[in-house]
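Okay, here's what each chain looks like letter by letter:
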Amino acid sequence: GWTTLRIGPDRQLVIRGPATVVFDTLLLDSGAEIVVDPTGGRVDLYVEQSLSFAAGSKINCLSTNPALLTLMVSKQVDPLAAVEHVGAEPARKCRR
């Protein structure tokens, strides 16, 4: 895993399954995106300290099957976090 991963403004990180990825801190700058492609298998993301989403940043899962993506956060989540689910169905956005 990573101690700290920062995804810069308008940058993209693609994670293809199967994968288990552990971060101490995960930071997404404005417009940053994590694309999760679970076509090959389930993706599990673990954040042990802090997860922060800047305005316009998101996590996109390319499957409509919620069992193929897990996001676990042990401590602190930025309240502006947004998750977008994209697949065969129209995109659905969830805000906390």
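An account of the accompanying structure is given in this report. It should be emphasised that the depicted structure is a prediction, and the values quoted were computed from it without experimental measurement.

**Concerning the nonpolar core**
And then number 1: The biggest cluster of nonpolar side chains holds 18 residues, and the ones touching the most others in it are Ile15, Phe23, Leu26, Leu28, Ile34, Val36 and Leu45.
And then number 2: Secondary structure elements with two or more residues in this core: strand S1 (2-7), strand S3 (19-28), strand S4 (33-37), strand S5 (43-53) and strand S6 (58-61).
And then number 3: Among all residues touching Ile15, those that are not within four sequence positions of it are Val21, Ile34, Val35, Val36, Asp37, Val43 and Leu45.

**Side note on the pattern of salt bridges**
And then number 1: Tallying each qualifying case throughout the model produces two salt bridges.
And then number 2: Notably, a salt bridge pairs Asp44 with Arg42, separated by 2.8 Å at the nearest N-O pair.

**Points about the environment of Glu48**
And then number 1: Within the fold, Glu48 resides in strand S5.
And then number 2: When neighbours within four sequence positions are excluded, Glu48 is seen to be in contact with Val22, Phe23, Asp24, Ser74 and Lys75.

**Focus on the environment of Leu28**
And then number 1: By the element assignment, Leu28 lies in strand S3.
And then number 2: Note on Leu28: relative accessible area 2%, which makes it buried.
And then number 3: In this structure, the C-alpha to C-alpha distance between Leu28 and Leu5, residues 23 residues apart in sequence, is 8.4 Å.
And then number 4: What Leu28 contacts, discounting residues up to four positions off in sequence, is Ile7, Glu33, Ile34, Ser52, Phe53, Ala54, Ser57 and Lys58.

**Some words on unusual backbone geometry**
Glycine aside, residues mostly have negative phi angles, and peptide bonds mostly take the trans form.
And then number 1: Here the bond from Gly17 into Pro18 is cis, since omega is 5 degrees, no more than 30 degrees from zero.
And then number 2: With respect to the helices, strands and loops of the structure, Pro18 is situated in the loop between strand S2 (12-16) and S3.
And then number 3: In this structure, Asp10 takes a positive phi of about 60 degrees despite not being glycine.
And then number 4: Among the secondary structure elements, Asp10 is positioned in the loop between S1 and S2.
And then number 5: Exposure remark for Asp10: the relative accessible area of 64% places this residue in the exposed category.

**A closer look at the side chain of Asp44**
And then number 1: With respect to the secondary-structure elements, Asp44 resides in strand S5.
And then number 2: Accessibility expressed as a relative area gives 11% for Asp44, which makes it buried.
And then number 3: Side chain to side chain, Asp44 and Arg42 meet in a polar contact 2.8 Å long.
And then number 4: Beyond its immediate chain neighbours, meaning those up to four positions away, Asp44 contacts Ala19, Thr20, Val21 and Thr70.

Calculation criteria
Residues numbered from 1 in each chain as written. Predicted model: local features only at pLDDT ≥ 70, side-chain atom pairs only at ≥ 80, totals over all residues. Heavy atoms only, no water. Core = buried A, V, L, I, M, F, W, Y, C linked by side-chain atoms within 4.5 Å. Buried < 20%, exposed > 50% of the residue type's maximum accessible area, 1.4 Å probe, protein only. Helix = DSSP H or I, 4+ residues; strand = E, 2+ residues; numbered from the N terminus. Contact = heavy atoms within 4.5 Å. Salt bridge = Lys/Arg side-chain N within 4 Å of Asp/Glu carboxyl O. Polar contact = N/O pair within 3.5 Å; in protein donor to acceptor, adjacent residues only side chain to side chain.

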